Amino acid sequence: MVNRKGVFIGAYVPLELKESLRRRAAAEHRTLSQEITRILTEAVHGRALAPGSIDRRNVNSGPRRRDSDPLPRRRSYDVPYVPPDASTGDD
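Residues numbered from 1 in each chain as written. Predicted model: local features only at pLDDT ≥ 70, side-chain atom pairs only at ≥ 80, totals over all residues. Heavy atoms only, no water.

A. Representation of the overall build of the chain in the model. Along the backbone of the chain there are three helices and zero strands. The order of helices and strands in the chain, counted from the N terminus, is α-α-α. Taking all 91 residues of the chain together, the buried fraction comes to 3%. Accessible surface for the chain amounts to roughly 9,300 Å². Of this, 54% is attributable to carbon and sulfur atoms. (Helix = DSSP H or I, 4+ residues; strand = E, 2+ residues; numbered from the N terminus. Buried < 20%, exposed > 50% of the residue type's maximum accessible area, 1.4 Å probe, protein only. Areas by Shrake-Rupley, 256 points an atom, 1.4 Å probe, with all protein chains shown as cover.)

B. How the structure looks around helix H2 (residues 32-45). With 14 residues, H2 extends 20 Å from end C-alpha to end C-alpha; this agrees with the ideal 20 Å at 1.5 Å per step. Two residues or fewer past H2, Gly46 is found with a positive phi of approximately 90 degrees. (Expected span 1.5 Å × (residues − 1).)

C. Structural context of a nonpolar patch on the surface. There is a patch of nonpolar side chains on the surface, built from Val7, Ile9, Ile36 and Leu40 and spanning about 410 Å² of accessible area. Here Leu40 lies in helix H2. (Patch = residues over 30% accessible without salt bridge, like charges linked within 9 Å, V, L, I, M, F, W, Y side chains within 5 Å. Salt bridge = Lys/Arg side-chain N within 4 Å of Asp/Glu carboxyl O.)

D. The packing of helix H1 (residues 15-27) against H2, seen in detail. The interhelical angle for the contact between H1 and H2, taken along N-to-C directions, is 100 degrees, at an axis separation of 8 Å. Taken together, H1 and H2 sit at an angle that is classed as roughly perpendicular. Only Leu32, Glu35, Ile36, Arg38 and Ile39 of H2 make contact with H1, whose side of the interface consists of Lys18, Leu21, Arg22, Arg24 and Ala25. Classifying every residue of the contact of H1 with H2 by side-chain character gives five nonpolar, no polar and five charged. (Axes fitted to C-alpha atoms, helices over the stretch in contact; angles between N-to-C directions. Parallel < 35°, antiparallel > 145°, perpendicular 65-115°, else oblique. Contact = heavy atoms within 4.5 Å. Nonpolar A, V, L, I, M, F, W, Y, C, P; charged D, E, K, R; others polar.)

E. Spotlight on H1. An ideal rise of 1.5 Å per residue puts 18 Å on 13 residues; H1 measures up with 18 Å between its terminal C-alpha atoms. Just past H1, the residue His29 takes up positive phi, approximately 60 degrees.

F. Examining the confidence of the model for the chain more closely. Summary statistics for the chain give a mean pLDDT of 76 and a share of 59% for residues scoring 70 or more. No element of the chain has a lower mean pLDDT than helix H3 (residues 65-68), at 62, and none a higher one than H1, at 92. (pLDDT = per-residue confidence, 0-100.)

G. Geometry of the pattern of salt bridges. All chains considered together, the criterion is met by five salt bridges. Of the charged contacts, one joins Arg22 and Glu19 as a salt bridge, the two residues approaching to 3.0 Å between their closest N and O atoms. Here Glu19 and Arg22 lie together in helix H1, a separation of three residues that amounts to about one turn. The class of Arg22 is partly exposed, set by a relative accessible area of 41%. Residue Glu42 is joined to Arg38 by a salt bridge in which the shortest nitrogen-to-oxygen separation is 3.0 Å.

H. Up close: the side chain of Glu35. With respect to the helices and strands, Glu35 occurs in helix H2. A relative accessible area of 0% means that Glu35 is categorised as buried. One polar contact links Glu35 to Arg30, side chain to side chain, over a distance of 2.9 Å. When sequence neighbours within four positions are dropped, the list of residues in contact with Glu35 reads Leu21, Arg24, Ala25 and Arg30. (Polar contact = N/O pair within 3.5 Å; in protein donor to acceptor, adjacent residues only side chain to side chain.)

As structure tokens, this is what we get:
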């Protein structure tokens, strides 16, 4: 038997759920235990970055651009913004 670091969590789940988790784990080349651990980790700590990605933001960094830019966000070369209440003059 393999020595495992962790705690066994027993839970009753419907057979259909277990089978769908097993299929999902197999599609990702993981064991059922690894898939459940991944799901629980994401539920507790939030989604992880994609493999190979590096989070370059630190704790003290400011808000992202989208949080600070007023609407509408447009590039200078993009189509000009037309407010929804402006008439087009096609009448």
